[in-house]
Amino acid sequence: DVGGGAFSGGAYGLDRHESTSYAKLKEASLAPIQEEYSDIEVRPLPRIPDWVFSEEAAGTLESTLLVNAWDPWSIVGNANRSDNSLDGFYGRCTAMAVLCWPKT
């Protein structure tokens, strides 16, 4: 549930038309992936960074891939502390902005 449709609303968002809604696009794109990769488990994303340091995560981090929905026009972390999206939480509690910037 990367992004969970957080930015799909509004006048220009995906949810403006039912045929392009977040739910419709997720349904259409996830099913074929799950058919081909049946061993992959998709779960709702817990709160970051809290979950990463929780007892619940301790046994699963070695086999867990945390994914974010960055677009090619943004910097990892976006506005960090000023951004309450997943981008901001990753940016404010990791070194991803520096590590992911090609010049560094």
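The structure reproduced in this document is the subject of the present report. Please read all numbers here as calculations on a predicted model, not as lab measurements. (Residues numbered from 1 in each chain as written. Predicted model: local features only at pLDDT ≥ 70, side-chain atom pairs only at ≥ 80, totals over all residues. Heavy atoms only, no water.)

**Looking at the overall build of the protein chain**
Thought 1: The helix and strand inventory of the protein chain stands at four helices and zero strands.
Thought 2: In the protein chain, the order of α-helices and β-strands from amino to carboxyl end is α-α-α-α.
Thought 3: For the protein chain, buried positions account for 17% of its 104 residues.
Thought 4: Across the protein chain, contacts joining residues at least 24 apart in sequence account for 27% of those joining residues at least 6 apart.
Thought 5: As displayed, the protein chain has an accessible area near 8100 Å², and 56% of this comes from carbon and sulfur atoms. (Helix = DSSP H or I, 4+ residues; strand = E, 2+ residues; numbered from the N terminus. Buried < 20%, exposed > 50% of the residue type's maximum accessible area, 1.4 Å probe, protein only. Contact = heavy atoms within 4.5 Å. Areas by Shrake-Rupley, 256 points an atom, 1.4 Å probe, with all protein chains shown as cover.)

**As for the environment of Ser 82**
Thought 1: Considering the arrangement of structural elements, one finds Ser 82 in the loop between helix H2 (55-58) and helix H3 (86-93).
Thought 2: The class for Ser 82 is exposed, based on a relative accessible area of 66%.

**Comments concerning the environment of Leu 25**
Thought 1: Counting through the fold element by element, Leu 25 comes out in helix H1 (residues 22-36).
Thought 2: For Leu 25, a relative accessible area of 38% puts it in the partly exposed group.
Thought 3: Ignoring sequence-local partners within four residues, the contact set of Leu 25 consists of Leu 14 and Thr 20.

**Notes on a nonpolar patch on the surface**
Thought 1: Taken together, the side chains of Ile 33, Tyr 37, Ile 40 and Val 42 make up a nonpolar region of the molecular surface, amounting to roughly 360 Å² of accessible area.
Thought 2: Its location among the elements puts Val 42 in the loop between H1 and H2. (Patch = residues over 30% accessible without salt bridge, like charges linked within 9 Å, V, L, I, M, F, W, Y side chains within 5 Å. Salt bridge = Lys/Arg side-chain N within 4 Å of Asp/Glu carboxyl O.)

**Thoughts on the side chain of Ser 21**
Thought 1: Checked against the element boundaries, Ser 21 lands in the segment before H1.
Thought 2: Under the relative-accessibility criterion, Ser 21 is labelled buried at 12%.

**Notes on H3**
Thought 1: Along H3, six of the eight residues are buried, which leaves the element largely enclosed by surrounding structure.
Thought 2: Residues of H3 that are buried include every one of Leu 86, Asp 87, Gly 88, Phe 89, Tyr 90 and Gly 91, and no others.
Thought 3: Along its buried surface, H3 packs onto helix H4 (96-100).

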